[in-house]
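# Observations on chain architecture
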Amino acid sequence: MSQTVLPRTVPAPALRGRIGTGFSPVPYRYHLYLSADCPRSLRTLTTRALLGLDGTVTTTVLGPDTAAPEYTALRRAYEAAGHHFDGALTVPALCDTWSGRVVSNHTPGILEDLRLLAAHPAFRAAS
């Protein structure tokens, strides 16, 4: 299973930030960018739902129109994560809404971070 790579010519860097190391586990702080035709995105969306994070971790499912504003927002998040970023956009991508940057585009890390958030007392209280 491969990550969905959105149109660009340069390969995307692996962004592997983690919640708890520079990113606090705070409800309503994180946003997921996903793609409808990506198996990893579906797995991430399903995990989010099963863990009861629907109300505290928001999502955007990207459509086929790369000129849509959602793509611009994701591009800005990648640029904030890497100065002068000019690589491919990949999903799933977990973004920090406070800093406006991508935390991680590494699916196993995102799934583990979702589990961490679901177990955190602040998220249980917010649900």
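All values reported here derive from a predicted model rather than from experimental measurement.

### Structural notes on the overall build of the chain
- When its secondary structure is counted, the chain shows 4 helices and 8 strands.
- Of the regular secondary structure in the chain, the N- to C-terminal order runs β-β-β-β-α-β-α-β-β-β-α-α.
- Buried positions account for 42% of the 127 residues belonging to the chain.
- The contacts of the chain with a sequence gap of at least 6 include a subset with a gap of at least 24, amounting to 71%.
- Split by element, the accessible area of the chain, about 6500 Å² in all, is 57% carbon and sulfur.

### Examining the pairing of strand β8 (residues 101-104)
- Direction of pairing for strand β7 (residues 93-96) relative to β8: antiparallel, over a ladder of 3 bridges. Paired with Leu94 across the strands is Ser104, a residue of β8.
- The hairpin turn running from β7 into β8, its antiparallel successor, is 4 residues long, and Gly100 in that turn takes a positive phi close to 75 degrees.

### Focus: helix α1 (residues 39-50)
- With 12 residues, α1 extends 16 Å from end C-alpha to end C-alpha; this agrees with the ideal 16 Å at 1.5 Å per step.
- Packing partners of the buried residues in α1 comprise β4 (30-35), β5 (58-62), β6 (89-91) and α3 (107-119).
- Positive backbone phi, approximately 75 degrees, marks Gly52, located one or two places after α1.

### Digging into the pattern of salt bridges
- Taken as a whole and assessed by the stated rule, the structure comprises 4 salt bridges.
- Among the salt bridges present, the one from Asp96 reaches Arg29, with a minimum N-O distance of 2.6 Å. Here Arg29 lies in the loop between β3 (22-23) and β4 and Asp96 lies in strand β7, a separation of 67 residues in the sequence.
- Overall, the relative accessible area of 7% leaves Arg29 in the buried class.

### Concerning the pairing of β4
- By the criterion of burial, β4 is predominantly enclosed, with 6 of the 6 residues buried.
- Taken together, the 4 bridges between β4 and β7 define a ladder with antiparallel strand orientation. Each residue of the ladder has a partner; that of Leu32, found in β7, is Leu94.
- Pairing between β4 and β5: 5 bridges, direction parallel. For Tyr33, the partnering residue across the bridge sits in β5 and is Thr60.

### Overview of unusual backbone geometry
- The residue after Val91, namely Pro92, is reached through a cis peptide bond having omega 5 degrees.
- Residue position: Pro92 is located in the loop between β6 and β7.
- Residue Tyr28 is not a glycine yet carries a positive backbone phi of 70 degrees.
- In this fold, Tyr28 is placed in the loop between β3 and β4.

What counts as what
Residues numbered from 1 in each chain as written. Predicted model: local features only at pLDDT ≥ 70, side-chain atom pairs only at ≥ 80, totals over all residues. Heavy atoms only, no water. Helix = DSSP H or I, 4+ residues; strand = E, 2+ residues; numbered from the N terminus. Buried < 20%, exposed > 50% of the residue type's maximum accessible area, 1.4 Å probe, protein only. Contact = heavy atoms within 4.5 Å. Areas by Shrake-Rupley, 256 points an atom, 1.4 Å probe, with all protein chains shown as cover. Pairing = 2+ DSSP bridges. Expected span 1.5 Å × (residues − 1). Salt bridge = Lys/Arg side-chain N within 4 Å of Asp/Glu carboxyl O.

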